[in-house]
Amino acid sequence: MKTALIGDKDIPEFDHDIMTNLLIKTVELNVVRQEQILLGIRNAKQEIYRVIGASSSKQFINASEELEDLGLSNELDEVDRAKNGYDAIFGLSE
């Protein structure tokens, strides 16, 4: 899996845990966007600040489980299609 930050957005405290638990490689944003499956991560302002790219459904499922273990929830969990190019968008539950 690959990841990149998007722009100059606020980075939440849980970001360190994401990087540690998922063991993902940081690359340029355009490289991440070439991956088959994209996950967006929201900060407290509800902005997507990080994108994670997975090359297989197995990687996607593993990443989703790790993010859920960190207390994040997928807002597209009940939706059967992508939103704004993302297959999943994770953030803290309100």
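Reference entry: report on the structure contained in this document.

Conventions used here
- Residues numbered from 1 in each chain as written.
- Predicted model: local features only at pLDDT ≥ 70, side-chain atom pairs only at ≥ 80, totals over all residues.
- Heavy atoms only, no water.
- Pairing = 2+ DSSP bridges.
- Helix = DSSP H or I, 4+ residues; strand = E, 2+ residues; numbered from the N terminus.
- Contact = heavy atoms within 4.5 Å.
- Axes fitted to C-alpha atoms, helices over the stretch in contact; angles between N-to-C directions.
- Buried < 20%, exposed > 50% of the residue type's maximum accessible area, 1.4 Å probe, protein only.

1. Brief notes about the sheet that holds strand β4 (residues 48-54)
One open sheet holds the six strands; their spatial order is β2-β1-β4-β3-β6-β5, and the pairing between them is mixed. Two strands bound the open sheet, and with one partner strand each, they are β2 (25-26) and β5 (72-74). Sheet topology places strand β1 (residues 2-5) next to β4; four bridges connect them, and they run antiparallel. When the bridges of β4 are listed, Ala4 appears paired with Val51. Strand contacts of helix α1 (residues 15-22): β1, β2, β3 (37-42), β4 and β5, with the helix running at about 10 degrees to β4, the strand carrying the most contacts.

2. Side note on the pairing of β3
β3 sits mainly inside the fold: six of its six residues count as buried. Side chains of β3 alternate between two faces, with Ile37, Leu39 and Ile41 and Leu38, Gly40 and Arg42 buried alike. With six bridges connecting them, β3 and β4 associate as antiparallel partners. Counterpart to Arg42 in the pairing with β4 is Ile48. In this structure, β3 lies alongside strand β6 (residues 88-92), joined through three bridges in parallel fashion. What sits directly across from Gly40, in β6, is Ile89.

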